[in-house]
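# Reading the structure
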Amino acid sequence: FEVIKSLYLKAKKGRTGDDNAALSAVEAAVCGAAAGSFSAAITNPLDRIKTLMMTDTTNAYGGSVVACASKILKDEGIGGLFAGVAPRVGYIAPSVCIFFVTYEFVQQKMQKKE
């Protein structure tokens, strides 16, 4: 989030010339959604492996992370590691939006008191 926020604020300062530019609630929501969506997509393979291992009662996936990943790659290819990425991003993005809007709001309020 902080990387996306920093890049966005640099672009905003370049456009407006305002050195004290801060994120609005909508901007914080968009930056938060982008950060959350990226992290959800990147960690999807590990989440898929974890879910398969937790629900594997017949030991079909080998019982280890490496064995499970190997079986997915062999049976489904690289796309198998990213199965379910859209629903995962879809349910994580809104919660991350809310979190970072609240985070930015509280942070800005605390800085005003100083």
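I will try to describe carefully the structure that is included in this document. Being a predicted model, the structure only gives us computed values, none of them experimental.

In terms of regular secondary structure, the chain is built from 5 helices and 0 strands. Tracing the chain from N to C terminus, the helices and strands come up as α-α-α-α-α. Radius of gyration (C-alpha) of the chain: 20 Å, far over the 13 Å computed for a compact globule of 114 residues. Along the three orthogonal principal directions, the C-alpha set of the chain runs to about 60 × 25 × 20 Å. Counting every position in the chain, which comprises 114 residues, the buried fraction comes to 30%. Of the roughly 7400 Å² of accessible surface on the chain, a fraction of 66% belongs to carbon and sulfur atoms.

Glancing now at the side chain of lysine 5. Looking at the secondary structure, you find lysine 5 in helix 1 (residues 2-16). Within polar-contact distance, the side chain of lysine 5 engages the side chain of glutamate 104 at 2.9 Å. Leaving out residues up to four positions away in the same chain, lysine 5 has contacts with Leu23, Cys31, Glu104 and Gln107.

Calculation rules
Residues numbered from 1 in each chain as written. Predicted model: local features only at pLDDT ≥ 70, side-chain atom pairs only at ≥ 80, totals over all residues. Heavy atoms only, no water. Helix = DSSP H or I, 4+ residues; strand = E, 2+ residues; numbered from the N terminus. Rg over C-alpha atoms; globule rule 2.2 N^0.38 Å. Buried < 20%, exposed > 50% of the residue type's maximum accessible area, 1.4 Å probe, protein only. Areas by Shrake-Rupley, 256 points an atom, 1.4 Å probe, with all protein chains shown as cover. Polar contact = N/O pair within 3.5 Å; in protein donor to acceptor, adjacent residues only side chain to side chain. Contact = heavy atoms within 4.5 Å.

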